[in-house]
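Examining the three-dimensional arrangement
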Amino acid sequence: MNPVSKPGRIHLEMIGLIAIAASVVLLLIVGRSLLVSRTAPTLTRLDLSQAEAIVERASQFAGDPAPPTVWIQRLARGQAAVYDYLLRVVTSYDYLESQGDDDRFIRDVHWIATGQEPTDDDIMNADTVLSETGSRLACLADMLSRLNLAGQTVQPAVPTRLRTLTIDEIKIANAPEVVGQLPIAAEARLTGNEAVFQLFANGRLRQALPVGGDMPGVLGEYGMVWDTRIETAGDYRLVLLVRTSDGRGEFMEIGTYTVPQIRQINSYESKEIAIGADQAVWLEMPLIGEQGQLMVVNSKGLALLEMIDAFNSVVADNETTDGMPAALRADIDHSVQDGSASCYVRISAESAARLTVIAARGLAASKGDGQVFGLLDVSADQVLVSSAAGSSWVPLADYTLTDPTALLSRLELVLPNGNLADIALSFDYDEEFFALVVDESIGQLTYQVQAMEGSAATITAHLINESGLEQPVLSGQPFALQLSENRLDLEITGFDGTQRTVEVNILRKPHSGGYDQTLDLFPNDYQSPLWRLHLLYPSWQFEVFNTAIDWTDFIQAQDERDRSLVNASYSPASWVEADSPVYDGTSWKAAATPVIAHFADPRNFLDDAQIFQFEEMSFNEQAQTRQGLEAILSGTFMEPGNPDGIDYVGIFMDATRTANMSPYYLAARAIQEMGSQGISPLAHGTLDGYEGFYNFYNIGSTPDTSVANGAQINGARYAMFGRNADEQEITPEEAEILLPWNSPQKAIVGGALWIAARYVDIGQDTLYLQKFDLIAEDGLYVHQYAQNIQMAWSEAWNTRKAYAAMGLLDQGIGFSIPVFDNMPADPAPWPD
């Protein structure tokens with residue numbers, strides 16, 4: 001038999017061999033004592049009607065060992081002894097299963113042989129033989145001899161009898177479901193060694209184990225195995241039958257078990273799994289080396305994952321978290337695998353769930369064509385990936401990995417009232433640094449965590465207070481907080497030994513350094529993110545900008561007509577307001593309200609990248625350098641050494657000093673408006689009919705849906721003549737901003753002067769405030785620089801990129817963060 005045979009496939013050759021071997025063993029056992037003192041019997045020849053009657057009566061007690069007509073003919077012709085026929089009947093599975101006592105046996109044999117009930121003398125004679133020999137077979141021979149049906153009298157040897165029988169407790173991970181092989185351990189005390197242990201599944205013989213040794217009366221242990229891999233899916237009644245040479249058989253009910261339907265999964269393929277409520281799906285998957293490894297992605301709903309070896313023991317378990325990856329990993333002990341190169345996975349759910357699984361350590365996506373492979377192993381610069389073509393080592397730099405090793409899939413801090421604390425950042429499995437601010441009244445917390453690898457990973461936790469005192473804490477157990485700073489260190493050790501530490505920095509106010517006074521200027525839900533940023537970058541300065549504007553009024557104003565747009569060609573359809581016309585170009589349409597609410601809520605952007613939406617725009621000579629500007633322009637049409645030979649770095653630095661504005665902001669704004677590769681003709685002075693005029697910041701590029709490229713035409717007209725292009729006259733004030741912009745130098749420097757005068761100098765001195773006009777002097781919402789709802793979000797990334805490239809994130813950067821009246825309890829999530 002192939003040791004890695006697939007479950008659900010019946011191996012007929014194997015079953016036949018088992019049955020034949022068991023029959024031979026049984027005949028040897030029950031007949032061995034007879035052969036000791038038995039000579040060849042003289043067969044009694046029956047007439048045809050007598051043979052038919054005996055066979056018909058016998059069939060009521062047990063299934064025929066052979067077709068009835070065969071036995072009738074053999075008995076009638078004298079080719080078989082009645083004893084041999086009845087021996088097979090009264091030692092058959094069906095007859096022994098009835099568990100009749102010796103009195104019942106005597107009456108059954110007499111009735112089969114004669115069609116009549118035995119007399120008292122018949123019963124007394126049979127009882128005498130049973131008491132003298134202890135053997136039903138001797139009793140059978142004697143009864144048939146007295147009825148002149150047995151031929152020569154048989155004198156049996158001392159038979160083996162069963163004294164005691166017990167079965168060890170069977171532990172099954174998911175009873176009654178059974179996969180692989182089910183071990184069954186029995187203990188029995190026998191008077192001899194002429195016995196056989198037989199395992200039946202739904203009445204079919206599955207294993208026969210003859211007793212060995214010459215130690216009668218000794219308690220012995222007998223191990224058997226039910227191999228479910230030869231069964232089809234369904235319910236099975238499992239029975240142990242011990243046959244002994246006294247002609248008796250002891251039945252022991254083991255239980256009723258279910259062999260589930262099992263799906264196969266290869267190491268290079270993924271499977272979509274849909275699970276109904278209170279249902280389970282079974283998989284069989286190959287081992288990777290000597291390990292079982294399964295990766296779960298795209299999980300929707302909660303599911304329980306269990307990895308099970310060939311003997312129904314759970315070797316790893318996990319629970320999926322909605323939207324999070326998960327993994328199962330375990331070393332599989334081949335000493336209990338019976339040579340199998342696979343293991344099983346059971347996926348169950350209380351409510352409907354859907355997930356994608358792959359038999360691998362993780363996922364590896366090619367950066368070239370996006371093709372996804374199974375991730376099997378990782379070295380310093382290589383990864384082992386698998387596909388239908390096999391496995392191979394490939395360069396790590398060419399692939400993006402999703403590897404759950406030593407990662408968390410859940411991190412929660414529970415307040416004394418049972419509510420979850422709002423830690424910052426919101427949990428992300430790639431993040432290692434979190435923070436939380438609580439009031440002095442919160443004296444203790446409880447943490448709850450889950451490793452992405454489930455039981456294959458270990459998590460230990462220590463709490464360290466401001467004085468350096470360290471103490472271990474347990475998941476689910478409250479831990480006390482000291483005033484001021486507390487740090488919860490979660491140390492995750494992955495299946496392969498990889499270690500990772502996640503920090504949760506908890507401030508229980510007041511702060512010993514007085515920083516709570518800064519935090520208290522902000523609403524509570526701003527404080528934890530700002531505390532985190534302060535710990536990461538102590539030199540950063542945060543100021544509150546109290547808008548005194550009602551949140552609902554603000555969102556309603558931003559939702560009017562063309563104030564907030566998205567590019568419908570690149571955004572999900574749900575991001576676009578229903579029935580919106582095109583307001584700009586060919587695809588800029590009104591943003592849906594949930595999109596506006598997300599990108600307008602400052603609380604969504606209090607991380608170390610998006611905080612740059614709130615960076616104050618004045619020039620910081622120490623933090624903002626030429627080298628940082630080069631980093632921002634790298635990879636764009638304005639990078640140093642560009643084909644046009646234009647020194648954009650020098651031009652932006654000139655604009656910075658002239659307008660007293662951040663060069664990073666100006667460069668990011670130009671990239672945002674012109675595209676990183678300069679797809680706008682206003683970046684090159686090539687707009688048809690307006691050649692030679694530039695507008696790097698799209699100043700005056702108001703939409704005009706009545707003509708093609710209406711916004712670009714208006715931007716070019718502004719570059720020629722300023723605000724009143726129809727009059728074709730540049731005012732003295734406009735001359736101060738270097739109009740007309742007939743060169744990149746004049747467009748970039750002059751545009752910076754225009755932005756400074758129109759926005760920065762009047763208080764709109766952050767990316768956020770330039771997108772959302774919150775300055776009441778000239779009227780709210782009327783002086784918004786861009787319609788793109790993602791403008792501030794997008795440009796913040798470029799600004800941070802420049803600071804990081806030059807290692808300047810530790811500089812003293814100032815941020816002005818808006819606060820609205822009556823803000824919702826939770827910030828609007830990322831739009832679906």
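So, a few notes on the structure that sits alongside this text. (Residues numbered from 1 in each chain as written. Predicted model: local features only at pLDDT ≥ 70, side-chain atom pairs only at ≥ 80, totals over all residues. Heavy atoms only, no water.)

This part takes up helix α4 (residues 82-90). With 7 of its 9 residues buried, α4 lies for the most part within the structure. Considered for burial, the residues of α4 that qualify are V82, Y83, Y85, L86, L87, V89 and V90. (Buried < 20%, exposed > 50% of the residue type's maximum accessible area, 1.4 Å probe, protein only. Helix = DSSP H or I, 4+ residues; strand = E, 2+ residues; numbered from the N terminus.)

Sheets are built from strands paired through backbone hydrogen bonds, the pairs being either parallel or antiparallel. An order of β4-β3-β6-β7 is seen for the 4 strands of this open sheet, with the pairing classed as antiparallel. Each edge of the open sheet is held by one strand with a lone partner, namely β4 (204-210) and β7 (249-259). If you compare each strand with its neighbour and ignore which way they point, the axes differ by 20 degrees on average. In terms of strand pairing, strand β3 (residues 195-201) meets β4 through 6 bridges, oriented antiparallel. Counterpart to F200 in the pairing with β4 is L205. (Pairing = 2+ DSSP bridges. Axes fitted to C-alpha atoms, helices over the stretch in contact; angles between N-to-C directions.)

Here a ring pair, both rings aromatic, is described through the centre-centre distance and the interplanar angle of the planes. Applying the stated rule across the entire model yields 40 aromatic pairs. Taken together, a centroid distance of 5.5 Å and an interplanar angle of 65 degrees make the contact between W575 and W830 edge-to-face. Here W575 is found in the loop between β31 (565-567) and β32 (588-590), whereas its partner W830 is found in the segment after β33 (814-821), with 255 residues between them in sequence. A residue is classified by how much of its surface remains accessible, and W830, at 44% relative accessible area, is partly exposed. For the ring pair F612 and F815, a centre distance of 5.5 Å and an interplane angle of 75 degrees mean the geometry is edge-to-face. Taken together, the positions of F612 in the loop between α12 (593-600) and α13 (626-633) and F815 in strand β33 put the pair 203 residues apart, joining distant regions of the chain. Look at F815 and you get buried, because its relative accessible area is 0%. Taken together, the aromatic side chains of W551, F554, F614, Y768, F772, Y781 and F820 make up a single cluster linked through ring pairs. Sitting over the ring of W111, R57 keeps its end group 5.9 Å from the ring centre. Positioned over the ring face of W71 is R74, at 4.9 Å from the centre of the ring. (Phe/Tyr/Trp six-rings, centres within 6.5 Å; stacked < 30°, edge-to-face > 60°. Lys NZ or Arg CZ within 6 Å of the ring centre and 35° of its normal.)

This next bit is on the layout of surface pockets. Space inside the second largest pocket adds up to approximately 1400 Å³. Lining of the second largest pocket is provided by 47 residues; of these, D422, I423, A424, L425 and S426 occupy positions nearest its centre. Secondary-structure elements contributing two or more residues to the lining of the second largest pocket are β22 (408-414), β23 (433-438), α10 (524-536) and α20 (791-805). Tallied by class, the residues present in the lining of the second largest pocket amount to 26 nonpolar, 10 polar and 11 charged. (1 Å grid on protein atoms, 1.4 Å probe; cavity = no way out; pocket = protein on both sides within 12 Å on 5 of 7 lines; lining within 4 Å. Points joined across faces, edges and corners; volume = space filled by probe spheres on them. Nonpolar A, V, L, I, M, F, W, Y, C, P; charged D, E, K, R; others polar.)

With that settled, the discussion passes to unusual backbone geometry. Working note: non-glycine residues mostly have negative phi, and peptide bonds are mostly trans. Looking along the chain, the bond that leaves K509 and enters P510 is cis, with omega of 5 degrees. The residue P510 is located in the loop between β29 (499-508) and α9 (516-519) in this model. In the segment running from L739 into P740, the intervening peptide bond is cis, with an omega of 0 degrees. Even without glycine at this site, N148 takes up a positive phi of about 60 degrees. Note on placement: N148 falls in the loop between α8 (136-146) and β1 (162-167). N148 gets classed as exposed once you look at its relative accessible area, which sits at 60%.

So, about the packing of helix α15 (residues 663-674) against α20. Where α15 contacts α20, the axes come no closer than 9 Å and their chain directions differ by 130 degrees. When the axis of α15 is compared with that of α20, the two are oblique. Crossing geometry of α15 relative to α20 is assigned as right-handed. Here Y664, Y665, A668, R669, I671 and Q672 of α15 come into contact with α20, specifically with M791, S794, E795, N798, T799, A802 and Y803. (Parallel < 35°, antiparallel > 145°, perpendicular 65-115°, else oblique. Left-handed = near helix turned anticlockwise from the far one by under 90°. Contact = heavy atoms within 4.5 Å.)

Let us now look at the nonpolar core. Of all hydrophobic cores here, the largest spans 104 residues; its most connected members are F554 and F696. No other element matches helix α18 (residues 744-758), which puts 8 residues into this core. Setting aside anything within four residues of it in sequence, one finds F696 in contact with F637, M638, Y648, A670, E673, M674, A683, P744, A747 and I748. Counting 36 residues, the second largest nonpolar core, distinct from the first, contains A51, A76, L130 and A138. (Core = buried A, V, L, I, M, F, W, Y, C linked by side-chain atoms within 4.5 Å.)

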